[in-house]
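Read off the chains here:
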Amino acid sequence: MASPEMSPMRLVVVGAAGRMGRTLVRAVSENPGAILHAAIEREGSPAIGQDSGMLAGLPANGIPVTTDALEAFVGAQGVLDFTAPAATVAFSALAAQARLVHVVGTTGMSEADIGKLTLAARHAVVVRSGNFSLGVNMLAALVKRAAASLGPDWDIEIIEMHHRMKVDAPSGTALMFGEAAANGRGVSLSNAAVRARDGHTGARQEGTIGFQALRGGTVIGDHTVILAGNGERIELRHIAEDRGLFAQGAVKAALWGLNRKPGHYSMNDILGLES
């Protein structure tokens, strides 16, 4: 992390006019170790040319929202990216060329998308997580431990709820908990996951990991991991009350990645949770 003697880390926020983008701009302004270098939006956005600080509810910062990522990345040291899979893949190539720290909070990415990020990580630091909250990552570690300790006769179900505007399901955080459970059991989530149930489904298959996605209102993020055994049940839950906690975690991840060797990292690396 940047020391008081060092110049603030120059960060680019992509998707700067969106809900999370505006939160990221505020988080950068609140962290003395970082400074906003540029703000990017997609072509056709009504935010183009507007002051990124004012869009985020801050005093004007003199940094207008632009569409030119290539120019914006010049002189930057990191990029905060909570956009969409196709955009993130494109930004990863630019970040790798510029040797920037690429912090990725984008959800809904395919295995092919993640593979492209891994290729980019040969040349740049990529820090990717389904959630940059400390509490969520601690809970994922608990889920992994519980799944490893309890037998496959303990059924695992993951329930998540988000605001009505969320476009992907299950959430990245729910999938993160699913991966933790699968890793704990030594199985592949793609083979164990059951995404939804409808109609006459038959009895639950032992060893599967179920997902349910709820959408409504303005819920920031509510996740429950249920481990159900014979005659007893464990529920591990995380409730996000402020979107700013994800943004603050992303800025900290960028600062952590500065001057590290290229690689594909996660919050587990930052928090030392692998053990």
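Residues numbered from 1 in each chain as written. Predicted model: local features only at pLDDT ≥ 70, side-chain atom pairs only at ≥ 80, totals over all residues. Heavy atoms only, no water.

Novice: Where do I start with the packing of aromatic side chains in this structure?
Specialist: Applying the stated rule across the entire model yields three aromatic pairs. For the ring pair F73 and F91, a centre distance of 6.2 Å and an interplane angle of 45 degrees mean the geometry is tilted. Linking F73 in helix α3 (residues 69–73) with F91 in helix α4 (residues 85–98), this pair joins segments that are 18 residues apart in sequence. The class of F91 is buried, set by a relative accessible area of 13%. Note on F82 and F132: the rings are 5.7 Å apart at their centroids and 50 degrees apart in plane angle, and the pair reads as tilted. With a gap of 50 residues between them, F82 in the loop between β4 (78–81) and α4 and F132 in the loop between β6 (125–128) and α6 (134–149) connect regions that are remote in the sequence. Accessibility assignment for this pair places F82 and F132 in one class, buried. R195 extends its terminal NZ or CZ atom over the ring of F211, reaching a point 5.9 Å from the ring centre. Above the face of the W256 ring, R260 is positioned so that its terminal group lies 3.9 Å from the ring centre. (Phe/Tyr/Trp six-rings, centres within 6.5 Å; stacked < 30°, edge-to-face > 60°. Helix = DSSP H or I, 4+ residues; strand = E, 2+ residues; numbered from the N terminus. Buried < 20%, exposed > 50% of the residue type's maximum accessible area, 1.4 Å probe, protein only. Lys NZ or Arg CZ within 6 Å of the ring centre and 35° of its normal.)

Novice: Sorry, what's going on with the sheet that holds strand β5 (residues 101–104) here?
Specialist: Hydrogen bonds along the backbone pair up the strands of a sheet, which may run parallel or antiparallel. One open sheet holds the seven strands; their spatial order is β3-β2-β1-β4-β5-β6-β12, and the pairing between them is parallel. Across the chains shown, the open sheet's two edge strands, defined by having one partner strand only, are β3 (65–66) and β12 (263–265). With six bridges connecting them, strand β1 (residues 9–14) and strand β2 (residues 34–40) associate as parallel partners. In the strand pairing of β2, R10 is matched with I35. Contacting β1, β2, β4 and β5, α4 crosses the sheet at an angle of about 165 degrees to β5. (Pairing = 2+ DSSP bridges. Contact = heavy atoms within 4.5 Å. Axes fitted to C-alpha atoms, helices over the stretch in contact; angles between N-to-C directions.)

Novice: What should I look at first to understand the pattern of salt bridges in this one?
Specialist: Here the idea is simple: oppositely charged side chains can pair when their charged atoms come close. If you walk through the whole model with that rule in mind, you get eight salt bridges. Among the salt bridges present, the one from R204 reaches D155, with a minimum N-O distance of 3.2 Å. Here D155 lies in strand β7 (residues 155–162) and R204 lies in the loop between β8 (193–194) and β9 (209–215), a separation of 49 residues in the sequence. Judged by its relative accessible area of 25%, D155 is partly exposed. Salt-bridge contacts for K166 lead to D168; the nearest nitrogen and oxygen are separated by 3.1 Å. A residue is classified by how much of its surface remains accessible, and D168, at 15% relative accessible area, is buried. It is possible to trace a salt-bridge network through shared partners that takes in D155, E157, R197 and R204. (Salt bridge = Lys/Arg side-chain N within 4 Å of Asp/Glu carboxyl O.)

Novice: Could you clarify how one ought to interpret the side chain of T23 in this entry?
Specialist: Its place among the elements puts T23 in helix α1 (residues 19–30). There is a polar contact of 3.3 Å between the side chain of T23 and the side chain of R26. (Polar contact = N/O pair within 3.5 Å; in protein donor to acceptor, adjacent residues only side chain to side chain.)

Novice: Help me understand the side chain of S133 in this model?
Specialist: Inspection of the secondary structure assignment puts S133 in the loop between β6 and α6. We classify S133 as buried; its relative accessible area is 3%. A distance of 3.1 Å separates a polar side-chain atom of S133 from the backbone nitrogen of G135. Reaching out from S133, the side chain makes a polar contact with the backbone nitrogen of V136 at a distance of 3.1 Å. Filtering out sequence-adjacent residues up to four positions away, S133 remains in contact with H238, L245 and F246.

Nothing here speaks to function; it is all geometry.
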